[in-house]
Amino acid sequence: NVDSTVHAGIEALLGASIPLGGGHRIEPLVSATYNAFSFDDDAVYANNRLPAAPRHAIRGEVMYRNDKGFFAGPTFDVGGARYADFSNTYRVGSYELLGLRVGFERERWELFGEVRNLLDEEYVGVFSVLDRASAGSAILQAGEPRSVYAGLRWRW
């Protein structure tokens, strides 16, 4: 609801399958985003960065896979610092999370287990945005603690 803003950036998804021989391979996958979101000569906020969007976000994994369907490997999430207010006076810190995923895959289904936030890092997951925020503002919500998931995916 702001007249003039700049929404620029770049997103990239890079992946590979590196054969190790004997039906084994390593498959890295990285998704990266660089954001340059800001006001554009706004009367109140000048050229401040838009709040809530980090300058960068990276998500990835490095999976070992074999021809029998087994896979396992680390996952990671990196979120850059971001502002919690339009005035750019209160900054919410960045975070780095590590996880682990393991599973078994067939043509139409996959059984998996995953541990997220393996090191149980404390971080801000989401927050409300204010005109001017401070450390005392009740706007922050904690990110997900160490969590364990199991699941089954079925492909039609």
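Before reading on, note that the structure itself is shown above.
Residues numbered from 1 in each chain as written. Predicted model: local features only at pLDDT ≥ 70, side-chain atom pairs only at ≥ 80, totals over all residues. Heavy atoms only, no water.

(A) The arrangement of the layout of surface pockets in detail. Within this model, the largest pocket holds a volume of roughly 370 Å³. Forming the walls of the largest pocket are 21 residues, and the residues nearest its centre are Arg-59, Phe-76, Asp-77, Leu-97 and Arg-116. Of the residues assigned to the lining of the largest pocket, the class counts are nine nonpolar, four polar and eight charged. (1 Å grid on protein atoms, 1.4 Å probe; cavity = no way out; pocket = protein on both sides within 12 Å on 5 of 7 lines; lining within 4 Å. Points joined across faces, edges and corners; volume = space filled by probe spheres on them. Nonpolar A, V, L, I, M, F, W, Y, C, P; charged D, E, K, R; others polar.)

(B) A look at the nonpolar core. Within the largest apolar cluster, seven residues are counted, these being Ala-84, Tyr-90, Val-92, Val-124, Phe-127, Ala-133 and Ile-139. The contacts of Phe-127, once residues within four sequence positions are left out, are Ala-52, Arg-82, Tyr-83, Ala-84, Val-92, Ile-139 and Leu-140. (Core = buried A, V, L, I, M, F, W, Y, C linked by side-chain atoms within 4.5 Å. Buried < 20%, exposed > 50% of the residue type's maximum accessible area, 1.4 Å probe, protein only. Contact = heavy atoms within 4.5 Å.)

(C) Quick look at empty space enclosed by the protein. Counted by the stated rule, this structure contains one cavity of 30 Å³ or more. In this structure, the largest cavity spans a volume of roughly 40 Å³. As for the largest cavity, its lining consists of Asn-35, Ala-36, Phe-37, Arg-49, Leu-50, Ala-53, Pro-54 and Arg-55. Grouping the constituent residues of the lining of the largest cavity by class yields five nonpolar, one polar and two charged.

(D) How the structure looks around a nonpolar patch on the surface. Taken together, the side chains of Leu-98, Leu-100, Leu-118 and Leu-119 define a hydrophobic patch exposed on the protein surface, amounting to about 320 Å² of accessible area. The residue Leu-98 is located in strand S8 (residues 95-105) in this model. (Patch = residues over 30% accessible without salt bridge, like charges linked within 9 Å, V, L, I, M, F, W, Y side chains within 5 Å. Areas by Shrake-Rupley, 256 points an atom, 1.4 Å probe, with all protein chains shown as cover. Salt bridge = Lys/Arg side-chain N within 4 Å of Asp/Glu carboxyl O. Helix = DSSP H or I, 4+ residues; strand = E, 2+ residues; numbered from the N terminus.)

(E) Expanded view of the pattern of salt bridges. Applying the stated criterion across every chain, the model contains 10 salt bridges. Here Asp-67 makes a salt bridge to Arg-25, at a shortest N to O gap of 3.4 Å. Separated by 42 residues along the polypeptide, Asp-67 in the loop between strand S4 (56-66) and strand S5 (70-79) and Arg-25 in strand S3 (residues 24-39) bring together distant segments of the chain. Residue class for Arg-25 comes out partly exposed when judged on its relative accessible area of 23%.

(F) View of the pairing of S8. Here S5 runs beside S8; their pairing, made up of 10 bridges, is antiparallel. Note on S8: the bridge partner recorded for Thr-75 is Gly-99. Taken together, the six bridges between S8 and strand S9 (residues 109-116) define a ladder with antiparallel strand orientation. Across the sheet, residue Glu-105 finds its bridge partner in S9, namely Glu-110. The antiparallel pairing of S8 with S9 creates a hairpin that spans three residues between the two strands. (Pairing = 2+ DSSP bridges.)

(G) Structural detail: the packing of aromatic side chains. Following the criterion strictly, the structure yields six aromatic pairs and no others. One aromatic cluster is present, formed by Phe-39, Tyr-45 and Phe-86 through successive ring pairs. A cation over a ring is seen here: Arg-65 above Phe-71, with NZ or CZ 4.7 Å from the ring centre. The positively charged end of Arg-91 is found above the aromatic ring belonging to Tyr-83, 5.5 Å away from the centroid. (Phe/Tyr/Trp six-rings, centres within 6.5 Å; stacked < 30°, edge-to-face > 60°. Lys NZ or Arg CZ within 6 Å of the ring centre and 35° of its normal.)

(H) Just the environment of Ile-58, in detail. You can see Ile-58 is positioned in strand S4. Put simply, Ile-58 and Ser-4 are 54 residues apart on the chain and 28 Å apart in space, counted from C-alpha to C-alpha. When sequence neighbours within four positions are dropped, the list of residues in contact with Ile-58 reads Val-30, Ser-31, Ala-32, Phe-76, Asp-77 and Val-78.

(I) Region of the structure containing the side chain of Ser-87. Relative to the elements of secondary structure, Ser-87 occurs in the loop between strand S6 (82-83) and strand S7 (91-92). Apart from the residues within four sequence positions on either side, Ser-87 is in contact with Tyr-45, Asn-48, Asp-131 and Arg-132.

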